Amino acid sequence: MTEEKYVIAIDLGSNTLRVTKLACATDTFIAAYEKIVKTADMLESTGVIHHAAVDRIIYAIKEAKEQIDFSSAVVKAVTTEAVRQALNSDEVLARIAKETGVIFEIISGEEEAELTLMAVKFRLEKLHYAARNFILVDIGGGSTELIFHYGEKTLSKSFPVGIVTIAQRYETLDDIEAVLPKEMLEMQMFCAEVYATMGKTEAFIATAGTPTTVAAMKLGFNYETYDPKKINGTSLKQEELDVYLKKLLSMPFEAREIAVGTGRSDLIAAGILIFKEMYRIVEFGSCIVIDDGLREGLALKVCANSYTG
């Protein structure tokens, strides 16, 4: 009887640390952990990741190790836009490695898109979702990836527009709404170029914190009761975003924090505006929300590479 092979994948994003554990033999995700760590807090104005954010990351990794059995698993950890941008990324990752034993690799936007696509395709197959081609939008804290998947051909590009960077760059939601067409112009041009050469896709798929949070609100979940199994495959119409943004903004601050997670309410509001603009750019009135993303894709890839045969 062969020993069961496990992979633990860690994704350190601009706002959240996400961990998952995958049993390779069955392609079953058996444990998950998520914590808001605000990696990119003040990065926009200072250019560095602050020691308080590093403290939060280290605490979260240690907490994840208490909740998930890391022993006898291959551990792979990646980080994205915030650490790509930070002037002090080397010393930040050195300190995390020293205090937790977890060594992070900074990956490119292209690698991020490839791994996210792998996770989403895996989930769509499990859901028996039939679209042959689709556009996948991954709205992160520090960047947004546009991934056009046409059967065997995939075109993707990463843009440095994310919910944390936009929320920190502009003071009010009205300011954000006014500047988004300009901030997202490169995305619109890229989308138009791909559509002109490849044709419009059959479906619009969205992943990451903002789409999944809005889907959770639609289904009646809050941050604590969130259930990814229920979120996967949820359909969201563009006009629904206005409804849930209005609902979010009408809540008292404490209720907002319960609904979408401590320290996330302002970011999610900015994210909803980015998400709403995305519908216009990709020319769809509705989208399918998928919870799986970078951490799941990373785990699937490591399993495939390490344990084939």
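Each remark here, short or long, concerns the structure printed above.
Caption draft 1: Just the overall build of the chain, in detail. What the chain contains, in helices and strands, is 14 helices and eleven strands. Considered along the principal axes of its C-alpha atoms, the chain spans approximately 55 × 45 × 35 Å. Out of the 309 residues belonging to the chain, those deemed buried represent 52%. Restricting to contacts in the chain with at least 6 residues of sequence separation, those with at least 24 account for 69%.

Caption draft 2: Just the pattern of salt bridges, in detail. According to the stated counting rule, one finds 20 salt bridges in the structure shown. A salt bridge links Glu 296 to Arg 18; the nearest nitrogen and oxygen atoms lie 3.8 Å apart. You can see Glu 296 sitting in helix H14 (residues 294-306) and its partner Arg 18 sitting in strand E2 (residues 16-23), a full 278 residues away along the chain. We classify Glu 296 as buried; its relative accessible area is 5%. Of the charged contacts, one joins Asp 242 and Lys 276 as a salt bridge, the two residues approaching to 2.8 Å between their closest N and O atoms. Pair noted here: Asp 242 is in helix H11 (residues 238-250) and Lys 276 is in helix H13 (residues 265-282), with a separation of 34 residues, a long-range link.

Caption draft 3: Just the packing of aromatic side chains, in detail. The tally for this structure, following the rule as stated, stands at eight aromatic pairs. Here Phe 204 and Phe 275 contribute two aromatic rings whose centre-to-centre distance is 6.5 Å and whose plane-to-plane angle is 70°, an arrangement assigned as edge-to-face. Of this pair, Phe 204 sits in strand E9 (residues 203-207) while Phe 275 is found in helix H13, placing the two residues 71 residues apart along the sequence. On the basis of relative accessibility, which here comes to 1%, the residue Phe 204 falls in the buried class. A connected cluster of aromatic rings, assembled from ring pairs, spans Phe 148, Phe 159, Phe 190 and Tyr 195. Seen from the ring of Tyr 6, Lys 21 lies directly overhead, with NZ or CZ sitting 4.7 Å from the centre. Its end group placed over the ring of Phe 284, Lys 200 keeps NZ or CZ at 4.3 Å from the ring centre.

Caption draft 4: Here's a closer look at the nonpolar core. By size, the foremost hydrophobic cluster in this structure holds 77 residues, and its most contacted members are Leu 17, Ile 96, Phe 104, Phe 204 and Val 282. The element best represented in this core is H13, accounting for twelve residues. Other than its neighbours up to four places away in sequence, Val 282 contacts Ile 135, Val 137, Cys 191, Tyr 195, Lys 200 and Phe 204. One finds Val 7, Cys 24, Leu 300 and Val 302 within the second-largest nonpolar core, a separate group that totals 14 residues.

Caption draft 5: Highlighting the state of the cysteines. Counted by the stated rule, this structure contains one disulfide. There is a disulfide in this structure between Cys 24 and Cys 303, and the S-S distance comes to 1.8 Å. Looking along the S-S bond of the Cys 24-Cys 303 disulfide, the torsion reads about -75°, which is the left-handed sense. In this pair, Cys 24 is assigned in the loop between E2 and strand E3 (28-36) and Cys 303 in helix H14, connecting sequence segments 279 residues apart. With respect to class, Cys 24 is no different from Cys 303; both count as buried. Here Cys 191 is not cross-linked by a disulfide; its sulfur's nearest cysteine counterpart is in Cys 287, at 14 Å. According to the relative accessible area criterion, Cys 191 is buried, its value standing at 0%. Judged by relative accessible area, which is 1%, Cys 287 ranks as buried.

What counts and how
- Residues numbered from 1 in each chain as written.
- Predicted model: local features only at pLDDT ≥ 70, side-chain atom pairs only at ≥ 80, totals over all residues.
- Heavy atoms only, no water.
- Helix = DSSP H or I, 4+ residues; strand = E, 2+ residues; numbered from the N terminus.
- Buried < 20%, exposed > 50% of the residue type's maximum accessible area, 1.4 Å probe, protein only.
- Contact = heavy atoms within 4.5 Å.
- Salt bridge = Lys/Arg side-chain N within 4 Å of Asp/Glu carboxyl O.
- Phe/Tyr/Trp six-rings, centres within 6.5 Å; stacked < 30°, edge-to-face > 60°.
- Lys NZ or Arg CZ within 6 Å of the ring centre and 35° of its normal.
- Core = buried A, V, L, I, M, F, W, Y, C linked by side-chain atoms within 4.5 Å.
- Disulfide = S-S within 2.5 Å.

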